[in-house]
Amino acid sequence: IQAVRSLAENQLAQLSLVESKSINHQLKSISEATDFLRNETNRVMTTPPGKAGGNTDEPTGFAYAPSGVYYSTHDEGGSALFYSAIVPVGAPERMKAGRSKGLDPAFKGVKESFPLIVQVYYNTHDSLNRIYPYFDVLSQYEPKMDIPSFNFYYEADAAHNPSRKVVWTDVYVDPAGQGWMTSCIAPVYAGDFLEGVVGSDVTVGTIVNDVLNLNIPWGGYGMLVSRDGAIIALPKAGEDDWGVKQSAQHNYLTTIKQDTFQPETFNLYKHLGNTGLSTHIRKNADGINHSMFAQKSIISWATIPETGWKLLVVVPEENIYQPVQALSDRLNSIAWLMIFGMLMFYSIFFTLLYRRAKRMSHFVSEPLMRIDAMVSSIARGQYHQQVPELAVSELHHT
């Protein structure tokens, strides 16, 4: 069992490292694509009207809703546009909305090139949202939605991201109706002013299905947690083990008006509390440990450098040791059969030995008794004795 434990732990450690590298490769590709979108957005949105192909005409395909929202009226094979009524949308804003049409080729190319990405978008400081693929924005968004107040915007600002790099958000509910989401976002600056944020969205369900569909031996499963411990991906097999359950999609009975994050019960670190396992996972980039949650399990983890997320591989110990235990049970059965067989054998052996010893004793003692009788007769003066035929030749000679 010790040998199997050692082999299993080594295999799980290697598995978590290899799979984390695979996930990191996919996420890094999305980060690079988002950085491309940032550069393309900066080029398109900063092109002055009338220069380098910039359009000076009043944009078409947009209209004002009664609420004051400026939006795309129909699908032209590209993105949807939503300009929140939180700010007055005048001629400059309409021109900005028109220029944003130039983002569609890049948006479409990135979306179609990366299966994990479900939608791409550009949000501005004054609450313009251009998002691909197209959907009915009026039915989904709050009319006066303040886009910079959402984490998929402010997590890229100077306060949260002073290095202006591509970053990944925590898990949140997507206002565009895609359910639980994590986003790869990048700031778009004009000098030192944050004009907007581009993003590529990956749904939690997509990660579970496409990233964590791992071929883990011994009936194990993988789970993905964010930097802060929020469970990004947890297959159904792990919900009972960790005592957490979440629906795959958020129920959109009303529009999303503010950040909606995972509940605390869906945070691994808070769920574990101040246990040794929680401390180990937090502090170590990779490692292996044993857990007693729900069932005794071996947990291996590795950090995904691109996002700081951790990939955990969980395997019930009983599944690992089941073949060994089966062999142990069989060997125990064989051992008991051998002991029973030996007891039976020696019982019969000593019974036969006793009987043969008894016969041998009688075979030797009977001639001795006859000689003794002869000697006693001689002692009484009966010197003439008939020599008997004795079975033991040495005694007969005597």
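Residues numbered from 1 in each chain as written. Predicted model: local features only at pLDDT ≥ 70, side-chain atom pairs only at ≥ 80, totals over all residues. Heavy atoms only, no water.

Draft legend 1. Highlighting the confidence of the model for the protein. Here the protein shows a mean pLDDT of 86. Residues at 70 or above account for 90%. Helix 6 (residues 204-211) is the least confidently modelled element of the protein, averaging 68 in pLDDT, while strand 5 (residues 128-132) averages 97, the highest of any element. (pLDDT = per-residue confidence, 0-100. Helix = DSSP H or I, 4+ residues; strand = E, 2+ residues; numbered from the N terminus.)

Draft legend 2. Examining the pairing of strand 3 (residues 80-83) more closely. Alternating residues of strand 3 divide into A80 and F82 and L81 and Y83, and every residue in both groups is buried. Across two bridges, strand 2 (residues 70-72) lies against strand 3 in antiparallel orientation. Within the sheet, the bridge partner assigned to Y70 lies in strand 3 and is Y83. Inspection of the sheet shows strand 3 paired to strand 5 by four bridges, in the antiparallel sense. The residue bridging A80 from the neighbouring strand is I131, located in strand 5. (Buried < 20%, exposed > 50% of the residue type's maximum accessible area, 1.4 Å probe, protein only. Pairing = 2+ DSSP bridges.)

Draft legend 3. Local environment of the packing of aromatic side chains. Overall, the coordinates contain 13 aromatic pairs when judged by the stated rule. Relative to F152, the ring of F150 lies with its centre 5.3 Å away and its plane at 20°, an arrangement referred to as stacked. Considered together, F150 and F152 belong to a single accessibility category, that of buried residues. Each member of the aromatic cluster is reached from another via a ring pair, and the members are Y121, F150, F152 and Y172. A cation sits over an aromatic face here: R164 above Y189, 3.8 Å from the ring centre. (Phe/Tyr/Trp six-rings, centres within 6.5 Å; stacked < 30°, edge-to-face > 60°. Lys NZ or Arg CZ within 6 Å of the ring centre and 35° of its normal.)

Draft legend 4. Examining a nonpolar patch on the surface more closely. A surface patch of nonpolar side chains, about 620 Å² in accessible area, is lined by M342, F345, Y346, F349, F350 and L353. With respect to the helices and strands, the residue L353 is situated in helix 10 (residues 317-379). According to the relative accessible area criterion, L353 is partly exposed, its value standing at 43%. (Patch = residues over 30% accessible without salt bridge, like charges linked within 9 Å, V, L, I, M, F, W, Y side chains within 5 Å. Areas by Shrake-Rupley, 256 points an atom, 1.4 Å probe, with all protein chains shown as cover. Salt bridge = Lys/Arg side-chain N within 4 Å of Asp/Glu carboxyl O.)

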